[in-house]
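Each chain, written out:
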Amino acid sequence: MVTVLVPGPLRGEAGGASRLSVDAAGSVGAVLDALAAGWPRLARRIRDERGDLRRYVNVYVDGEDCRHLGGVDAPVADGAEVQVLPSVAGG
């Protein structure tokens, strides 16, 4: 089981939940696939049509940026915490 932490701006796509549990491990892609099965609207906000992470979304596995660990192929152990953070812009 992996815990996905959902930030405030994306909670509407997750039924208001701040934490979601998915029965997936192995890679970020596997976790996001499991997330898509239960919350497809949330998954579309995280990945593009090709399955790549959207440019403005950061995903961390136990505090480490997954882009430095292999992107969607980054390893995710059972019991890990995956945090999704959309970039915030303003001026």
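Below or above, wherever it landed, is the structure these notes cover.

Cut-off values and rules
Residues numbered from 1 in each chain as written. Predicted model: local features only at pLDDT ≥ 70, side-chain atom pairs only at ≥ 80, totals over all residues. Heavy atoms only, no water. Core = buried A, V, L, I, M, F, W, Y, C linked by side-chain atoms within 4.5 Å. Buried < 20%, exposed > 50% of the residue type's maximum accessible area, 1.4 Å probe, protein only. Helix = DSSP H or I, 4+ residues; strand = E, 2+ residues; numbered from the N terminus. Contact = heavy atoms within 4.5 Å. Salt bridge = Lys/Arg side-chain N within 4 Å of Asp/Glu carboxyl O. Pairing = 2+ DSSP bridges. Axes fitted to C-alpha atoms, helices over the stretch in contact; angles between N-to-C directions.

Thoughts on the nonpolar core
Judged by nonpolar contacts, the single largest core of 25 residues is most densely connected at V4 and I46. Listing elements by their share of this core, those giving two or more residues are β1 (2–5), β2 (19–22), α1 (28–38), α2 (40–46), β4 (57–61) and β7 (81–86). At four residues, the largest contribution of residues to this core is made by α1. Contacts of V4, omitting those with residues within four sequence positions, involve S18, R19, L20, V22, V31, L35, V82 and V84.

Observations regarding the pattern of salt bridges
If you walk through the whole model with that rule in mind, you get seven salt bridges. Notably, a salt bridge pairs R41 with E13, separated by 2.9 Å at the nearest N-O pair. Separated by 28 residues along the polypeptide, R41 in helix α2 and E13 in the loop between β1 and β2 bring together distant segments of the chain. On the basis of relative accessible area, E13 is assigned to the buried category, the value being 19%. Its salt-bridge partner being R19, residue E81 comes within 3.6 Å of it at the nearest N-O pair. Placement of the pair is E81 in strand β7 and R19 in strand β2, with a sequence separation of 62 residues. In this structure E81 comes out as partly exposed when scored by relative accessible area, which is 35%. Several salt bridges share partner residues, and in doing so they unite E13, R41 and R45 into one network.

Looking at the environment of L5
Along the chain, the position of L5 falls in strand β1. The sequence separation of L5 and V59 amounts to 54 residues, and the corresponding C-alpha distance is 9.9 Å. The residues touching L5, leaving out its near neighbours within four places in the chain, are S18, R19, E81, V82, Q83 and V84.

So, the sheet that holds β1
Within the open sheet, the five strands sit side by side as β2-β1-β7-β4-β5. Their pairing is mixed. In this open sheet, the two edge strands, each paired with only one partner strand, are β2 and β5 (64–65). Alignment of β4 against β5, held across two bridges, turns out to be antiparallel. Bridge pairing links Y60 to D65 in β5. On top of the sheet, α1 reaches β1, β2, β4 and β7; it is set at about 105° to β2, its chief contact.

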